[in-house]
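Structural overview
Here are the chains, one letter per residue:
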There are 2 protein chains.
Amino acid sequence: MTVKSNKGVILKAYPKGIPEVDENFELTHRTIDIECLNLKENEFVLRNLYLSIDPYVRVTLHDPALNFMKHGKMISTGQVISGLGVSEVVKTNNPNYKVGDLVYGPIGWEEYSHIKSDDASVFSFMFVNKELLKDTPLSYHASFLRFGGLTSYTSLIDIGKPKEGETIYVSTAAGLTGQLVGQIAKIKGLRVVGSTGSDEKVDFLLNELKFDAAFNYKKLILTSGKTLEVALEHCNRFARVVACGMISQYNIKTPEEGYGIKTLANIVVKSIVFQGFIALDYIGKDIEKEFEKDIIEWVKSGKIIYKETVIDGVENIAKAFVDMLNGKNIGKYVIKIADY
Amino acid sequence: MTVKSNKGVILKAYPKGIPEVDENFELTHRTIDIECLNLKENEFVLRNLYLSIDPYVRVTLHDPALNFMKHGKMISTGQVISGLGVSEVVKTNNPNYKVGDLVYGPIGWEEYSHIKSDDASVFSFMFVNKELLKDTPLSYHASFLRFGGLTSYTSLIDIGKPKEGETIYVSTAAGLTGQLVGQIAKIKGLRVVGSTGSDEKVDFLLNELKFDAAFNYKKLILTSGKTLEVALEHCNRFARVVACGMISQYNIKTPEEGYGIKTLANIVVKSIVFQGFIALDYIGKDIEKEFEKDIIEWVKSGKIIYKETVIDGVENIAKAFVDMLNGKNIGKYVIKIADY
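Residues numbered from 1 in each chain as written. Chains lettered and ligands numbered in written order. Predicted model: local features only at pLDDT ≥ 70, side-chain atom pairs only at ≥ 80, totals over all residues. Heavy atoms only, no water.

Overview of the pattern of salt bridges
- Tallied over the entire structure, the rule returns 36 salt bridges over all chains.
- Across the pair Arg 47 of chain A and Glu 88 of chain A runs a salt bridge whose closest N-O atoms are separated by 2.9 Å. Here Arg 47 of chain A, found in strand S3 (residues 44-52), pairs with Glu 88 of chain A, found in strand S4 (residues 82-92); they are 41 residues apart in sequence, far enough to count as distant. In this structure, Arg 47 of chain A and Glu 88 of chain A share a single accessibility class: buried.
- The shortest N-O distance in the salt bridge between Lys 134 of chain B and Glu 131 of chain B comes to 3.1 Å. Glu 131 of chain B carries the same exposure label as Lys 134 of chain B, and that label is exposed.
- Taken together, the shared-partner salt bridges connect Lys 319, Asp 323 and Lys 328 of chain A into one network. (Salt bridge = Lys/Arg side-chain N within 4 Å of Asp/Glu carboxyl O. Helix = DSSP H or I, 4+ residues; strand = E, 2+ residues; numbered from the N terminus. Buried < 20%, exposed > 50% of the residue type's maximum accessible area, 1.4 Å probe, protein only.)

A look at the interface of chain A and chain B
- Across the boundary between the two partners, chain A contributes 35 residues, which contact 35 residues of chain B.
- Together, the buried faces of chain A and chain B total about 2800 Å²; carbon and sulfur atoms form 64% of this surface.
- Area buried by chain A at its contact with chain B is led by Lys 262, Val 268 and Val 269 of chain A, which between them contribute 22% of it.
- The tally of links from chain A across to chain B stands at two salt bridges. (Contact = heavy atoms within 4.5 Å. Buried area = accessible area lost by both parts, 1.4 Å probe.)

Description of the relation of the copies chain A and chain B
- Turning chain A through 180° and shifting it by 0.0 Å along the axis lays it on chain B, with an RMSD of 0.0 Å. Both copies of the chain, as the preceding transformation shows, are related through a two-fold rotation axis. No C-alpha of chain A lies nearer the rotation axis than that of Gly 260 of chain A, which sits 1.8 Å from it.
- Both copies present the same face, since 100% of the interface residues in chain A are matched by interface residues at the equivalent positions in chain B. (Least-squares fit on C-alpha atoms with pLDDT ≥ 70 in both.)

Some points on the packing of aromatic side chains
- This structure, assessed with the given rule, holds 30 aromatic pairs over all chains.
- When the centroid spacing of 3.8 Å and the interplanar angle of 5° are considered together, the rings of Phe 144 of chain B and Tyr 306 of chain B count as stacked. Within this pair, whereas Phe 144 of chain B is found in the loop between strand S7 (126-127) and helix H3 (147-160), its partner Tyr 306 of chain B is found in the loop between helix H10 (286-301) and strand S13 (308-312), the two being separated by 162 residues in sequence.
- We classify Phe 144 of chain B as buried; its relative accessible area is 1%.
- A relative accessible area of 10% places Tyr 306 of chain B in the buried class.
- Chaining the aromatic ring pairs together yields one cluster made of Phe 44, Tyr 97, Phe 125 and Phe 127 of chain A.
- Seen from the ring of Phe 238 of chain A, Arg 237 of chain A lies directly overhead, with NZ or CZ sitting 4.6 Å from the centre. (Phe/Tyr/Trp six-rings, centres within 6.5 Å; stacked < 30°, edge-to-face > 60°. Lys NZ or Arg CZ within 6 Å of the ring centre and 35° of its normal.)

Digging into helix H5 (residues 199-208) of chain A
All names here are of chain A.
- Residues of H5 that are buried: Lys 201, Val 202, Phe 204 and Leu 205. Buried residues of H5, viewed axially, fall in a sector of 155°; they line one side. Exposed residues lying more than 90 degrees from the buried face of H5 are Glu 200 and Asn 207.
- Those residues of H5 that are buried lie in contact with helix H4 (176-187), strand S9 (191-196) and strand S10 (213-216). (Arc of directions from axis to C-beta.)

Overview of the pairing of strand S12 (residues 273-276) of chain B
- The two faces of S12 of chain B match: Val 273 and Gln 275 of chain B on one face and Phe 274 and Gly 276 of chain B on the other face are all buried.
- Bridge analysis of strand S12 (residues 273-276) of chain A against S12 of chain B gives three bridges, and the strand direction is antiparallel. Looking at S12 of chain B, one finds that Val 273 of chain A is bridged to Gln 275 of chain B.
- Sheet topology places strand S11 (residues 240-243) of chain B next to S12 of chain B; four bridges connect them, and they run parallel. Paired with Ala 243 of chain B across the two strands is Gly 276 of chain B, which belongs to S12 of chain B. (Pairing = 2+ DSSP bridges.)

Here's the deal with unusual backbone geometry
All names here are of chain A.
- Located in the positive-phi region is Asn 42, a residue other than glycine, with phi close to 75°.
- Within the element layout of this structure, Asn 42 appears in the loop between strand S2 (25-33) and S3.
- The backbone of Lys 161 shows a phi angle near 40°, a positive value even though the residue is not glycine.
- You can call Lys 161 partly exposed: its relative accessible area is 48%.

Observations regarding the side chain of Arg 58 of chain B
Residue and element names in this part refer to chain B.
- Position of Arg 58 among the secondary structure elements: in helix H2 (residues 56-59).
- For the buried Arg 58, which has no salt bridge, the nearest side chain bearing the opposite charge is Glu 257, at an N-O separation of 8.4 Å.
- Among the polar contacts made by the side chain of Arg 58, one reaches the main-chain carbonyl oxygen of Pro 15 at a distance of 3.4 Å.
- When residues no more than four places from it in sequence are discounted, the contact partners of Arg 58 are Pro 15, Gly 17, Pro 19, Tyr 250, Asn 251, Phe 321 and Leu 325. (Lys, Arg positive; Asp, Glu negative; His and termini not counted. Polar contact = N/O pair within 3.5 Å; in protein donor to acceptor, adjacent residues only side chain to side chain.)

Describing the packing of H3 of chain B against helix H4 (residues 176-187) of chain B
Residue and element names in this part refer to chain B.
- Orientation of H3 relative to H4, taken along the N-to-C sense of each, is 45°, at an axis distance of 9 Å. With respect to H4, the axis of H3 lies oblique. For the element pair H3 and H4, the recorded crossing hand is right-handed. Counting all contacts with H3, which are made through Gly 148, Gly 149, Thr 151, Ser 152, Tyr 153 and Leu 156, the residues of H4 involved are Leu 176, Thr 177, Leu 180, Val 181, Ile 184 and Ala 185.
- Residue composition of the contact of H3 with H4, grouped by class: seven nonpolar, five polar and no charged. (Axes fitted to C-alpha atoms, helices over the stretch in contact; angles between N-to-C directions. Parallel < 35°, antiparallel > 145°, perpendicular 65-115°, else oblique. Left-handed = near helix turned anticlockwise from the far one by under 90°. Nonpolar A, V, L, I, M, F, W, Y, C, P; charged D, E, K, R; others polar.)

Section: a positive patch on the surface
- On the surface, a cluster of positive charge is contributed by Lys 161 and Lys 163 of chain A together with Lys 161 and Lys 163 of chain B.
- With respect to the helices, strands and loops of the structure, Lys 161 of chain A is situated in the loop between helix H3 (147-160) and strand S8 (167-170). (Patch = residues over 30% accessible without salt bridge, like charges linked within 9 Å, V, L, I, M, F, W, Y side chains within 5 Å. Areas by Shrake-Rupley, 256 points an atom, 1.4 Å probe, with all protein chains shown as cover. Charge placed at Lys NZ, Arg CZ, Asp CG, Glu CD.)

A few points about the environment of Ser 52 of chain B
Residue and element names in this part refer to chain B.
- With respect to the helices and strands, Ser 52 occurs in strand S3 (residues 44-52).
- Through-space distance from the C-alpha of Ser 52 to that of Ser 143 is 5.9 Å; in sequence the pair is 91 residues apart.
- Those residues in contact with Ser 52 that lie beyond four places of it in its chain are Leu 84, Gly 85, Ala 142, Ser 143, Lys 332 and Tyr 333.
- A distance of 3.5 Å separates a polar atom in the side chain of Ser 52 from a polar atom in the side chain of Ser 143.

So, the pairing of S3 of chain A
All names here are of chain A.
- When you tally the buried positions in S3, you get nine out of nine residues, the bulk of the element.
- Of the strand pairs in this sheet, S3 and strand S14 (residues 332-336) are connected by three bridges, and their pairing is antiparallel. Opposite Tyr 50, over in S14, you have Lys 336 as the bridge partner.

A short note on helix H7 (residues 224-234) of chain A
Residues and elements named next belong to chain A.
- Buried within H7 are the following residues: Gly 225, Thr 227, Glu 229 and Leu 232.
- Considering only its buried residues, H7 is in contact with S8, S9, helix H6 (217-220), strand S11 (240-243), helix H9 (265-269) and S12.
- Its side-chain oxygen 3.0 Å from the backbone nitrogen of Lys 226, Thr 223 forms the N-cap of H7.

A look at the sheet that holds strand S9 (residues 191-196) of chain B
Residue and element names in this part refer to chain B.
- Here we have three strands laid out as an open sheet, ordered S8-S9-S10, and parallel in their pairing. Because the sheet does not close on itself, it has two edges, and the strands there are strand S8 (167-170) and strand S10 (213-216). If you compare each strand with its neighbour and ignore which way they point, the axes differ by 15° on average.
- Strand direction decides the pairing type here: S8 and S9, joined by four bridges, are parallel. Of the residues in S9, the one forming a bridge with Ile 168 is Val 192.

Comments concerning the domain arrangement of chain A
Residue and element names in this part refer to chain A.
- Split into domains, chain A comes out as domain 1 (3-143 + 307-336) and domain 2 (147-281).
- Between domain 1 and domain 2, roughly 1800 Å² of surface is buried when both sides are summed, and carbon and sulfur atoms account for 66% of that area.
- There are one salt bridge connecting domain 1 and domain 2.
- Applying the counting rule to domain 1 against domain 2 returns seven residue pairs in polar contact (both at pLDDT 80 or more). (Domains from an automatic or database assignment.)

The structure is reproduced here in structure tokens:
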């Protein structure tokens, strides 16, 4: 009997604003018969193990009628949603991947993903280094040791250009990116100030991550857009502003609803660099290898704490995603889809 | 008789919004007795020849009570306003400057400027290369061949990193900075699209500067802030946005009145660099010398057209400044204060 359950989460309706579990997502109970599946050239089948819950996914769910801020592979209603995660190759007609390989890349929010030959993603899976599994749990390879950590490391080093003695302000500091940026900045000798959305997270930043200062922005300034406005006003000359995400802006219903940043003239008079990026930009560059070397060393030596919450089951993906967009997570949400 | 007229323009009241000539400025009829003036160590006296009318001056006139966007030497009510220009040293107690030297730097909106020893500006005057006066009028040395041109050149090359075949969009394209950026971009093999605020200026861009395309933004999109919003939406991945000035934002009455840019999330998803600078940042760097070499060659060979309007007399400075902020100029306004 080779028929297996292949539950998945499909997009039920394009979200307007922050998505809601029942309104925008639907769990489908499909099956997959791996043995009888006929694979075309270069196709393969993945058994998904860990899925990373990432903010960027929200941008892929925009209603095409909105016609703004497209990013990566856009999802239509009725389609299985796509995210990043770790999987095991269980069937393959692709010479680059053999059965038993552990790979990282764009997978469906589902138990098994049939990677099609006409899908650009066949070219973008990377191998998990099994050697590292002696020192790190597999869940770390779904984000922290890949794009999640790479996002923090590359942007801080390449765009932020941290110098010992400088002060860095980290917003959304209790998320994966923020907590790692703050800790790397501490290693580099900076004074680290973080903001986050609850007092519990402030305690986490101060007591566990050892930030020099932290505050609950909701108590002080009310919105994340306003936080950026005020930060620009307080930048020093030649400040670097690393724009790694704007979760609040991913959820707007129309471009007109976006938060308008009123203090951009500071960029001119203070010679500020305000730069965006995605982790993909750094793949294949030297800094990717430097990241892998440093991050493993820091994790093994305890210089870096990484906080993740592993949640079981495909049926909990949508709730975890919505909770993350509402800022309920401390650290990273990772979904465990199956045992390895 | 060594007493000379030393008319000057003082700040009468902090402007709210775009300044008005009579309300915010006052012409004072002072005199100066150069021979009898007692100069302290390092002081000197300049006979001002040409003054550049620059947008940045607006930022130096902000009411300190506003407490925002301070830039350079702030001017208080009752003080002579400061700008950049070319002058002749007529008396000196500073070993670095001798009588007859032509210098470029921060001077008053006045006929003679007594540069005080406690003024940081004593360190920031540069010499005009008299050799160049065979090929270029002295007025060019008040801005175009100095910070005016340097602004265009350095920002386009260093931040814009132009590549042959790319398209560049230049806003405020008929001002000094814009016209020079567009022409240098043409030399570098780019397709140049410009926007400006009148049909007459559109003709100038198309017919005299040979831009590939140009439009009157007031007819299409209404405000300069909206222009930036739309430009961000249309940027390609890895676009570079060079922020060399935001005149509309220099005239706001309170920070709350600033135009809110709603499309900044494009910076993240498209890996855009949005960078500010001031020409001063590049002084003493290699690129400053490259600019001087290139600009003289381009002007002499006719590869670059430079359009300036020379206006006579200290009494016309305030009107020229207000007209410039209202976008009435085509090309650069330069005030001729005295014959050389």
